[in-house]
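Descriptive analysis of the structure
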Amino acid sequence: CAMAKDARSGEMRTRIRILASQDHPTGGGYRNPTYKNIYPDNRTIRCKWVAAFGTEAVQAQSLGLKETATLTLRYDPRITPECIVTTGEGENLKTYDLMSPPNDVGGAHRWMELRVKRRAKAL
């Protein structure tokens, strides 16, 4: 599948929040992560959201993955494989996990791609 080398401003329509995992180990040593926006002001950022389609969607569905997509956004080193992505607010809030480490497109630190899949249950 073709990689997006960039995204024109008109394509950056989807507002998302990038949340970083913050572990709070329990007494039994289990992970109990909470998530916090990577931006201190809790802002949303814009990205180009391309839902999987065709053979990519069929492959994802055969693996039991729901609502997969590729996001193109401005590069930010704070976005790590442990981050999650949210869209919407309140009842319309949807949470997505990263399927693979963020891709620094061309190694240029200008754009990055995130492959995400919808999380089955709420946080």
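As a reminder, the structure under discussion sits directly above these lines.
The notes below deal with the structure included here. Computed from a prediction, not measured in an experiment: that's the story for all the values here. (Residues numbered from 1 in each chain as written. Predicted model: local features only at pLDDT ≥ 70, side-chain atom pairs only at ≥ 80, totals over all residues. Heavy atoms only, no water.)

Turning our eyes to something else, we now look at the overall build of the chain. Within the chain, the regular secondary structure consists of one helix and eight strands. In the chain, the succession of helices and strands from N to C terminus is β-β-β-α-β-β-β-β-β. The C-alpha atoms of the chain give 15 Å as radius of gyration, which agrees with the globular expectation for 123 residues (14 Å, within 12%). With the C-alpha coordinates aligned to their principal axes, the bounding extent of the chain is approximately 45 × 35 × 30 Å. Within the span of the chain, comprising 123 residues, buried residues form 33% of the whole. For the chain, the share of sequence-separated contacts (at least 6 apart) that also reach a separation of at least 24 residues comes to 58%. A distance of 2 Å separates the average location of the 20 positive side-chain charges in the chain from that of its 13 negative side-chain charges. (Helix = DSSP H or I, 4+ residues; strand = E, 2+ residues; numbered from the N terminus. Rg over C-alpha atoms; globule rule 2.2 N^0.38 Å. Buried < 20%, exposed > 50% of the residue type's maximum accessible area, 1.4 Å probe, protein only. Contact = heavy atoms within 4.5 Å. Lys, Arg positive; Asp, Glu negative; His and termini not counted. Charge placed at Lys NZ, Arg CZ, Asp CG, Glu CD.)

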